[in-house]
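Residue-level structural notes
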Amino acid sequence: MYSKKIYLLFFVLTIISTTTNLSFAVTYYNDETTRLKSTAGAGVGSILMDEATILNPAPIAFFNVTSLYYQASSASFANRDETRFTSNPPDPEQSAFIISDASSALKGSASYQKNIFDFSQRERYALSVAANFSPQSAFGVAYKVTKERNREDSADNITKQTYKQFTFGITHVVSDALSLGLLLVDPFKERPGDRFAAVGVQYLYAGFISLMLDGGADYSQNFKNSAFAAAAIQFKIFSDFFLRFGMFNNRRDSSSGNGVGVGWVQPRLVLELSMKNSTFTESTKVDSEKMDLQETAFSISMRF
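Now for a description of the structure that goes with this document. (Residues numbered from 1 in each chain as written. Predicted model: local features only at pLDDT ≥ 70, side-chain atom pairs only at ≥ 80, totals over all residues. Heavy atoms only, no water.)

Regarding its fold elements, the chain presents 3 helices and 14 strands. Counting the 304 residues in the chain, one finds 49% classified as buried. Accessible surface, the chain as shown: approximately 14,700 Å² in total, 60% of it carbon and sulfur. (Helix = DSSP H or I, 4+ residues; strand = E, 2+ residues; numbered from the N terminus. Buried < 20%, exposed > 50% of the residue type's maximum accessible area, 1.4 Å probe, protein only. Areas by Shrake-Rupley, 256 points an atom, 1.4 Å probe, with all protein chains shown as cover.)

Structure (structure tokens):
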């Protein structure tokens, strides 16, 4: 019965998504949870819950709790050419609200994210569902509706856009120490530059060290120009503290950098704090500007 519901939902969302196909370029910093910022974006192969509408939608199938999540993020610039602005843009910021329910056979998550960058604003509503197709494997899909409001500097001309995208994910738990993930983002190419495929792996060593590695590219473009990779390590300290470090390199937007963070995980409460540093190089191929971006994020998750 649940399989029929999933297929029906996929079919309905596919029909809806094909009704809109508008796009134009604008810069935002990545929609990531606090944990993902600390691992520099790595986590496709990890068993994560609050990230179901943001990264891989499949792993939520392995949980059996309900989660309420709130995140606040801020950012600052360095080495940026400010002379191209006639007035100072507001500081970048993000906020996210996520509710996830994995207490029944069909797991799901819904989220709202708001992203302000320079004089542009993006709001994203997302819904994901996932289910096991074997005791060790799960499949999930996320459907995202994004609304953008963009303007150049302080000019009065404002452009608006709404677009809809899918993300498909698979997670396979090989053992208690090893999990694998496969991710396909925007396969219908609703927005140029967003489509990519990624694989990820997480390996637990000696019971307290987790190693994460992600890699992928836009499979419709030259691999050399669209490849990205992220690697991270997590240390479990005592029984409830986690310390994380990560590094990434992304040719899709000419950026590279690192992340660091700490998490306090209790049965009913999860607190996360992270920092992510990104360096962008100027590139006419991907319309990126030279700058350094430092992000700070805090989140709280209540589980029932």
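After that view of the structure, there is still more to cover.
So, about the pattern of salt bridges. Applying the stated criterion across every chain yields a total of 8 salt bridges. Two residues, Lys37 and Glu295, come together in a salt bridge whose shortest N-O distance is 2.5 Å. Placement of Lys37 in helix α2 (residues 34–38) and of Glu295 in strand β14 (residues 291–303) is noted, with a sequence separation of 258 residues between them. Comparing Lys37 with Glu295, the two get one shared label, buried. Its salt-bridge partner being Glu148, residue Arg191 comes within 3.7 Å of it at the nearest N-O pair. Of the two residues, Arg191 is situated in the loop between β7 (178–185) and β8 (196–205) and Glu148 in strand β5 (residues 137–151); the sequence distance between them amounts to 43 residues. A single network of salt bridges, built from pairs that share partners, joins Asp31, Arg122 and Arg124. (Salt bridge = Lys/Arg side-chain N within 4 Å of Asp/Glu carboxyl O.)

This part takes up empty space enclosed by the protein. Within the structure shown, the criterion is met by 2 cavities of 30 Å³ or more. Together, Asp31, Glu32, Ile54, Gln71, Gln94, Ser95, Ala96, Gln113 and Lys114 line the largest cavity. Contributions of two or more residues to the lining of the largest cavity are made by β2 (93–101) and β3 (107–117). Its residues placed into classes, the lining of the largest cavity shows 2 nonpolar, 4 polar and 3 charged. Estimates place the volume of the second largest cavity at around 40 Å³. Here the residues of the lining of the second largest cavity sort into 3 nonpolar, 3 polar and 1 charged. (1 Å grid on protein atoms, 1.4 Å probe; cavity = no way out; pocket = protein on both sides within 12 Å on 5 of 7 lines; lining within 4 Å. Points joined across faces, edges and corners; volume = space filled by probe spheres on them. Nonpolar A, V, L, I, M, F, W, Y, C, P; charged D, E, K, R; others polar.)

In this structure, Leu36, Val44, Leu48, Ile54, Leu55, Tyr69, Ile98, Leu183, Val185, Phe196, Ala198 and Phe228 together form the largest nonpolar core, which totals 12 residues. Taken together, the elements giving at least two residues each to this core come down to β7 and β8. Setting aside anything within four residues of it in sequence, one finds Phe196 in contact with Leu183, Leu184, Val185, Ala217, Asp218, Tyr219, Phe228 and Arg252. Counting residues in each nonpolar core, the second largest holds 10 residues, with Ile60, Ala61, Ala102 and Ala138 among its members. (Core = buried A, V, L, I, M, F, W, Y, C linked by side-chain atoms within 4.5 Å. Contact = heavy atoms within 4.5 Å.)

This paragraph deals with the pairing of strand β1 (residues 66–78). Judged from the 9 bridges that link them, β1 and β2 form a sheet pairing that is antiparallel. When the bridges of β2 are listed, Thr66 appears paired with Asp101. Two strands pair when backbone bridges link them, and β1 and β14 are joined in this way by 12 bridges, in the antiparallel orientation. Counterpart to Tyr70 in the pairing with β14 is Ile300. (Pairing = 2+ DSSP bridges.)

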